[in-house]
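# Analysis of the macromolecular model
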Amino acid sequence: MLILNAVINGLLFGGVLALMAFGMNLMFGVVQIVHLAYGQFIMVGLYLVYLLTVLYHVPLLLSCVLAIIAIALLSVLCYYSVVKPLLKAPPINQLLALAGLWIVLENACLAFFGATYKGVQVVLPVLHVGEIYIAASNLIGFGVGLITLGLLYLFLNKTYTGVAIRAVAQDTEVSGVMGINSRTIYLITFVVGGALAGVTAACFVPVYAVHPHFGSAFTLLAFIIVILGGMGNLIGGFIGAFIIGVVTSIGSTLLNPEIGQIIALLICLLIIILRPQGLLGVRART
Amino acid sequence: MLRIENLCSGYGGFEVLQNISLEMGAGETVAVLGPNGAGKSTLLKVISGLLKPTSGKIYFEGRRIDGKPSHEIVEMGISLVPEGGRLFPELTVYNNLLVGAYNKRTRRHFKETLEEVFSLFPIIKERQNQIAGLMSGGERQMVAIARALMSRPKLLMLDEPSSGLAPKIVASIFEFVKEIKERGYSVLMVEQTVKKAVGLADRVYLLESGRMVFSGDQTSFLNNPKIKSSYLGI
Ligand SMILES: Nc1ncnc2c1ncn2[C@@H]1O[C@H](COP(=O)(O)OP(=O)(O)OP(=O)(O)O)[C@@H](O)[C@H]1O
Ligand SMILES: [Mg+2]
C-alpha cells in the first residue's frame, strides 16, 4: 500500500516534472543550448511569489501570475545578454556562460533573501480514497502540468508560430529559406521556456520552501529527464518525467529523499552508458 | 530578372566559386550543369542567402540581394528546393506546406496558394496528413517543390531535383518542372542529368571546379564539340 501510494503521488508529481523538462528540452531542440540556469529560474520564481505574497500581501494566485510573467521577462533578458551573443560560439562557451548565470542568480538570491528557507504557508488538504492518500498539491500540479502541456501541443501543431518553432528545430538552414527568421523564433522559444519555468515555480509553491541552492537540484532533474527521453525529443521527455517522478517518489517513501535523487542520477548514468540517444531518441539525424 | 556579376564565395577561406557571372530574364528557364563538387549547390546557397559572397554582386529585379539574410530573400520572391528536398521530417505534409508560405508576403494568401499547388500536385492533397519523413524519395521531392511554390516565388531554384530517384520518377519530376515553367515561373535548375535538364532550358551554363566554362542556348550547348565529347559522350 505504501508503494502504491508512492507510485500514484509520483505519477502526479510527474506532471509538473514533465512541464519543467519540456521548457529545457524545447530550448535545447530549437536553440541547441543546454540551459544550465533553468532550475535557478524556477528558484527566482519561488522567491518572487514569496516576496509578493508574504512581504507585499498580494493574493497568492495573482503573485503566481506575476511571477510567471516576470520569469518570462527574465528569460528574454537572459537570451539577449547571454545566449544571443554566443549563438555562434562553441558549445563549451555557451555552457560556461549559462553556468555563470546559475552562480549569479544563486548569489543574488543569497544576498537579497539570505540563506534561510523561505516559503509561503499554503495549507492544502490530503485527500484519501480508502487507503490511498493523495496530496492536493500534487493533484493541482498534475492538472496544471497536463493542461499547460496540452496547450503547448496545440500551439506547436496548430499555429503558424508553433509550427515554425518545430521547423527551426528540425532544420534551421532550410527554415531560413522558407522565410523564417531563426533569431525571432529563438526569442519566442525563450519566452515560452521562461514562462514554463514560471508555471513550474507556481506549481512548486505549495510543495517546497525555497533557499539559494534550491535551483541546482532542479536544473539537474530537468537535465536527467531530458537525457532519459532523448535530447530534444519532447514526447520522450514527457515519458521520462513520469519515470523519474515515480522512481524518486518510491525512493523517498521507502528510504529518504536523497536516495530518490541518487536513484534518478543512477538511471541517468545507465541511460548515458547503454542508450546515449535516450529512450525515444534517434542516434543521429541524417 | 537575375543578374550575377563576378561572384566569388566559399567556405571559411576555401574558395569554391570563382568569378561567376550569370544572367536570366523573367519567364526563362536556365540550367546550370556540372560534375560533382563543381559548386552548383554552393551557387544556389549564395543566391538564397545561406552563404555570403566574398566578392561580386547579385541583382534580383534590379535590387541588390547579395549578403541579405535568406528570410529576406524569400520575401523578395526567390524560392529554393534544396538538394534532396530537405523536408521537415517530423512535420506533416500539410505543415511543411504551411511553413513554405511563412513569409509575410504570402502568408495571407495561404488558402488560395494551397489550392493552386494542389491543382498542380493532386496526389499531395490526399497525402497532406502524412508525416513527411515517412514518404518515399520521389514523393518527398514532389512535396519539396510544392513547398517552395507555397511562397509564390517569381524565381524557383531547384537543386538536382532528379538526384537519387528512379528513371521513371525522374521523368515525372521533369514533367512537373515543365508544367511549372509553362505556368510562367522563372526556373533556375542545377543538374547533373544533362539530357533532361537541357531539353527544358532556354539557356545552359556549364560549371567546372567553380568556374563558368560555357554559356549559351540549347543548340549551341549540344553542338559544342568539347561538351559533346566530355559530357554527352558522343
Ligand atoms: N559546408 C561545406 N563546408 C566546406 N566545404 C564545402 C561545404 N559544402 C560544399 N563544400 C565544398 O565545396 C565544393 C562545391 O560543393 P557543392 O556542394 O557546391 O558541389 P555541387 O556542384 O553541388 O556537387 P554535387 O553535384 O555533388 O551536389 C566541394 O569541393 C565541396 O567539398
Ligand atoms: Mg550539389
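Computed from a predicted model, the values in this text were never measured in an experiment. (Residues numbered from 1 in each chain as written. Chains lettered and ligands numbered in written order. Predicted model: local features only at pLDDT ≥ 70, side-chain atom pairs only at ≥ 80, totals over all residues. Heavy atoms only, no water.)

## Comments concerning the state of the cysteines
Where two cysteines share a covalent bond between their sulfur atoms, that bond is called a disulfide. Taken as a whole and assessed by the stated rule, the structure comprises 0 disulfides over all chains. Looking at the unpaired C64 of chain A, the closest cysteine sulfur is the one in C203 of chain A, lying at 8.6 Å. (Disulfide = S-S within 2.5 Å.)

## Focus on the sheet that holds strand β7 (residues 155-159) of chain B
Residues and elements named next belong to chain B. Pairing in this open sheet of 6 strands is mixed, and the strands run β6-β7-β8-β3-β9-β10 from one edge to the other. Bordering the open sheet on either side are β6 (78-81) and β10 (211-216), each of which pairs with just one other strand. Taken pair by pair, the neighbouring strands of this sheet meet at an average axis angle of 15°, ignoring direction. Its contacts with the sheet place helix α7 (residues 137-149) against β6 and β7, and it is angled at close to 170° to β6. In the packing of helix α8 (residues 167-182) onto the sheet, the strands contacted are β3 (29-33), β7 and β8 (186-191), and the crossing angle to β8 comes to about 155°. (Pairing = 2+ DSSP bridges. Helix = DSSP H or I, 4+ residues; strand = E, 2+ residues; numbered from the N terminus. Axes fitted to C-alpha atoms, helices over the stretch in contact; angles between N-to-C directions. Contact = heavy atoms within 4.5 Å.)

## Quick word on the coordination of the magnesium ion (ligand 2)
Each protein donor to the magnesium ion (ligand 2) is listed here as S41 of chain B (OG) and E83 of chain B (OE); together their distances run 1.9 to 2.5 Å. Here the residue S41 of chain B occupies a position in helix α1 (residues 40-47), and E83 of chain B occupies one in the loop between β6 and α3 (93-100), the gap between them amounting to 42 residues. (Donors = N, O, S within 2.8 Å, 3.2 Å for Na, K, Ca; no water.)

## Looking at the environment of T148 of chain A
All names here are of chain A. Here T148 lies in helix α5 (residues 136-158). Since its relative accessible area comes to 17%, T148 is described here as buried. For the pair formed by T148 and H211, sequence separation is 63 residues and the distance between their alpha carbons is 26 Å. Setting aside chain neighbours within four positions, we find T148 in contact with L19, L196 and V199. (Buried < 20%, exposed > 50% of the residue type's maximum accessible area, 1.4 Å probe, protein only.)

## Structural notes on the sheet that holds strand β2 (residues 14-24) of chain B
Residue and element names in this part refer to chain B. Reading across the sheet, the 4 strands line up as β2-β1-β4-β5 and stay open at both edges, with antiparallel pairing between neighbours. Strand pairing shows two members of the sheet lacking a second neighbour, β2 and β5 (63-64), which therefore form its edges. Where strand β1 (residues 2-11) lies against β2, 7 bridges are found, and the strand directions are antiparallel. Note that in β2 the partner of L2 across the bridge is M24. On top of the sheet, α1 reaches β1, β2 and β4 (53-60); it is set at about 115° to β1, its chief contact.

## Concerning the interface of chain A and chain B
Residue-level contacts link 18 residues of chain A with 21 residues of chain B. The junction of chain A with chain B conceals about 2,100 Å² of combined surface from both sides, 64% of it contributed by carbon and sulfur atoms. Viewed at the interface, chain B and chain A are joined by 2 salt bridges. For E173 of chain A, the salt bridge is made with R86 of chain B, and the minimal N-O distance between the two is 3.0 Å. Counting every contact that joins chain A to chain B gives 7 residue pairs in polar contact (both at pLDDT 80 or more). Of all the secondary structure elements, the ones that give two or more residues to the side of chain A that touches chain B are α6 (160-170) and α7 (172-177) of chain A. Counting residues per element, the side of chain A that touches chain B draws most heavily on α6 of chain A, at 6 residues. Classifying every residue of the side of chain A that touches chain B gives 9 nonpolar, 6 polar and 3 charged. (Buried area = accessible area lost by both parts, 1.4 Å probe. Salt bridge = Lys/Arg side-chain N within 4 Å of Asp/Glu carboxyl O. Polar contact = N/O pair within 3.5 Å; in protein donor to acceptor, adjacent residues only side chain to side chain. Nonpolar A, V, L, I, M, F, W, Y, C, P; charged D, E, K, R; others polar.)

## Notes on helix α10 (residues 234-254) of chain A
Residue and element names in this part refer to chain A. With 21 residues, α10 ought to run about 30 Å at 1.5 Å a step, and its terminal C-alpha atoms sit 30 Å apart, in line with that. Among all positions of α10, only G236, G237, G240, A241, F242, I244, G245, V246, T248, S249 and G251 are buried. Its side-chain oxygen placed 3.2 Å from the backbone nitrogen of I235, N233 serves as the N-cap of α10. (Expected span 1.5 Å × (residues − 1).)

## Focus on the packing of aromatic side chains
Residues and elements named next belong to chain A. With the rule as written, the count across this model stands at 19 aromatic pairs over all chains. Taken together, a centroid distance of 6.3 Å and an interplanar angle of 70° make the contact between Y50 and F113 edge-to-face. With Y50 in helix α2 (residues 38-55) and F113 in helix α4 (residues 91-113), this pair connects stretches of sequence that are 63 residues apart. Of the two residues, Y50 and F113, neither departs from the other in class, the shared state being buried. Considering the side-chain rings of F204 and Y208, the 5.1 Å spacing of their centres and the 85° angle between planes classify their relative orientation as edge-to-face. A residue is classified by how much of its surface remains accessible, and F204, at 0% relative accessible area, is buried. Residue classification places Y208 among the partly exposed residues on the basis of a relative accessible area of 28%. Members of the aromatic cluster, connected to one another through ring pairs, are F13, F204, Y208, F214 and F218. (Phe/Tyr/Trp six-rings, centres within 6.5 Å; stacked < 30°, edge-to-face > 60°.)

## Some points on the layout of surface pockets
Residue and element names in this part refer to chain A. Space inside the second largest pocket adds up to approximately 740 Å³. Considering the residues around the second largest pocket, the lining is formed by 28 residues, among which F13, V207, Y208, S252 and P257 are closest to the centre. Elements represented by at least two residues in the lining of the second largest pocket include exactly α1 (2-31), β2 (132-135), α5, α9 (214-229), α10 and α11 (257-274). Per element, the largest residue contribution to the lining of the second largest pocket is 5 residues, and it comes from α1. Residue composition of the lining of the second largest pocket, by class: 14 nonpolar, 13 polar and 1 charged. (1 Å grid on protein atoms, 1.4 Å probe; cavity = no way out; pocket = protein on both sides within 12 Å on 5 of 7 lines; lining within 4 Å. Points joined across faces, edges and corners; volume = space filled by probe spheres on them.)

## Some words on the confidence of the model for chain B
Taken as a whole, chain B shows an average pLDDT of 91; of its residues, 98% reach a score of 70 or greater. As scored by the predictor, the complex reaches a pTM of 0.91 and an ipTM of 0.91. (pLDDT = per-residue confidence, 0-100.)

## Considerations on empty space enclosed by the protein
Residues and elements named next belong to chain A. Evaluated as defined, the whole model comprises 1 cavity of 30 Å³ or more. Here the largest cavity is characterised by a volume of approximately 40 Å³. Surrounding the largest cavity, L46, K118, G119, V120, V205, Y208 and V210 form its lining. Tallied by class, residues from the lining of the largest cavity come to 5 nonpolar, 1 polar and 1 charged.

## A look at a nonpolar patch on the surface
Residue and element names in this part refer to chain A. On the surface, L146, I235, F238, I239, I243, L279 and L280 cluster together into a nonpolar patch covering about 550 Å² of accessible area. Looking at the nonpolar patch, the element that brings in the most residues is α10, giving 4 residues. One can find L279 in the segment after α11. (Patch = residues over 30% accessible without salt bridge, like charges linked within 9 Å, V, L, I, M, F, W, Y side chains within 5 Å. Areas by Shrake-Rupley, 256 points an atom, 1.4 Å probe, with all protein chains shown as cover.)

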